[in-house]
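Spelled out from the first residue to the last, the chains are:
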Amino acid sequence: MKNLNPKEAKRLKQKYPGSVLITGATSGLGLALSETLANAGFDLILCARGENRLNQLASEWKKSSGISVEVFAADLSQSDGVVDLIDFIEDKEVGILIAAAGFGTSGNFLDISLDDEINMLKVNIDAVLILCHEISKRFKSQGFGGIVLFSSLVAFQGTPYAANYAATKAYVQNLGEALSVELRAHNIDVLTVAPGPVATGFGKRANMKMDGATHVSKTPLPILSALGRSSTVVPGITGKFLTYSLRLLPRKGKVMVLKAVMGGMTKHQRN
């Protein structure tokens, strides 16, 4: 994991003083960002489902970096979990929200588990909306703040074999783009991250085989560097290549390309 440039760390600390609240902090992009920020000396508030893992990370980073790390175990698919997290941070100084909690599904639409798909809506959409609304009100009151949301390469068109997942990420992408304009007047910066395939536990949980995925260690620096400077960032060479290639196609063409890409990632499900 590459360290954050000291100049960049200073910029973020000055622009967004306080702790960084990170959901989904124990795996994937959330973990990678948490580790990078811990190494750069940021105080953290970590949220995920696994309390033991949260406490382990907090102990490690307190010792190695001398930072303050608070943890809150919650299942953000449950409305009580989101409300309890908001209550937990009520009296804490927060300068940045990184809403990295989320998961994906894949496969033929007629074969999906409806319970899993509804649960994904709650995590990927409901929790993000509620947290954004509550933290934005706080950031407006304090006069500054940064929000990092996570969409995906598949957010920009319909994606066969991941139809509902892509739809959740389209919601996040549209929400982030709009809020980046709307909240700017209150000195609140909103960044939406739209990665392509990244080598995390995401592929295993979504039952996808993602060959050529970007290593997760290469994602934190471009994301943090873009906060306060851009409204959308596409980290990783693979994601950039796919994004810019798709821009040349009409929307129907994009859908067909993603059908081929996602079809390859989920082919093992139909064998």
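Every value quoted in this text rests on a predicted model; they were computed, and no experiment measured them. (Residues numbered from 1 in each chain as written. Predicted model: local features only at pLDDT ≥ 70, side-chain atom pairs only at ≥ 80, totals over all residues. Heavy atoms only, no water.)

Draft legend 1. A look at the nonpolar core. Ranked by size, the top nonpolar core spans 38 residues in total, and within it Phe42, Leu44, Trp61, Ile98 and Phe150 carry the most contacts. Residues in contact with Phe150, not counting those within four places in the same chain, are Leu29, Leu33, Ile98, Ala99, Ala100, Lys169, Val172, Val193 and Ile223. (Core = buried A, V, L, I, M, F, W, Y, C linked by side-chain atoms within 4.5 Å. Buried < 20%, exposed > 50% of the residue type's maximum accessible area, 1.4 Å probe, protein only. Contact = heavy atoms within 4.5 Å.)

Draft legend 2. The packing of aromatic side chains, seen in detail. Applying the stated criterion to the full structure yields one aromatic pair. Over the face of the ring belonging to Phe42 we find Lys13, whose NZ or CZ atom lies 5.1 Å from the ring centre. Against the face of Phe88 rests Lys92, its NZ or CZ located 4.7 Å from the ring centre. (Phe/Tyr/Trp six-rings, centres within 6.5 Å; stacked < 30°, edge-to-face > 60°. Lys NZ or Arg CZ within 6 Å of the ring centre and 35° of its normal.)

Draft legend 3. The arrangement of the pairing of strand β1 (residues 19–23) in detail. Counting buried residues in β1 gives five out of five residues, a clear majority hidden from the surface. Along β1, one buried face is formed by Ser19, Leu21 and Thr23 and the opposite face, lined by Val20 and Ile22, is buried too. Where β1 lies against strand β4 (residues 94–99), five bridges are found, and the strand directions are parallel. Across the sheet, Leu21 pairs through a bridge with Leu97, a residue of β4. (Helix = DSSP H or I, 4+ residues; strand = E, 2+ residues; numbered from the N terminus. Pairing = 2+ DSSP bridges.)

Draft legend 4. Looking closely at the pairing of β4. Within β4, six of the six residues are buried, which leaves it mostly tucked inside the rest of the structure. Tracing the backbone out of β4, into helix α5 (residues 114–142) and back to the parallel element strand β5 (residues 145–150) gives a crossover that is right-handed. (Right-handed = clockwise from strand over helix to strand, strands pointing away.)

Draft legend 5. Molecular detail of the environment of Ser230. Structurally, Ser230 is set in the loop between α8 (220–226) and β9 (232–233). For Ser230, a relative accessible area of 36% puts it in the partly exposed group. Each C-alpha atom of the pair Ser230 and Met265 lies 30 Å from the other, and the pair is 35 residues apart in sequence.

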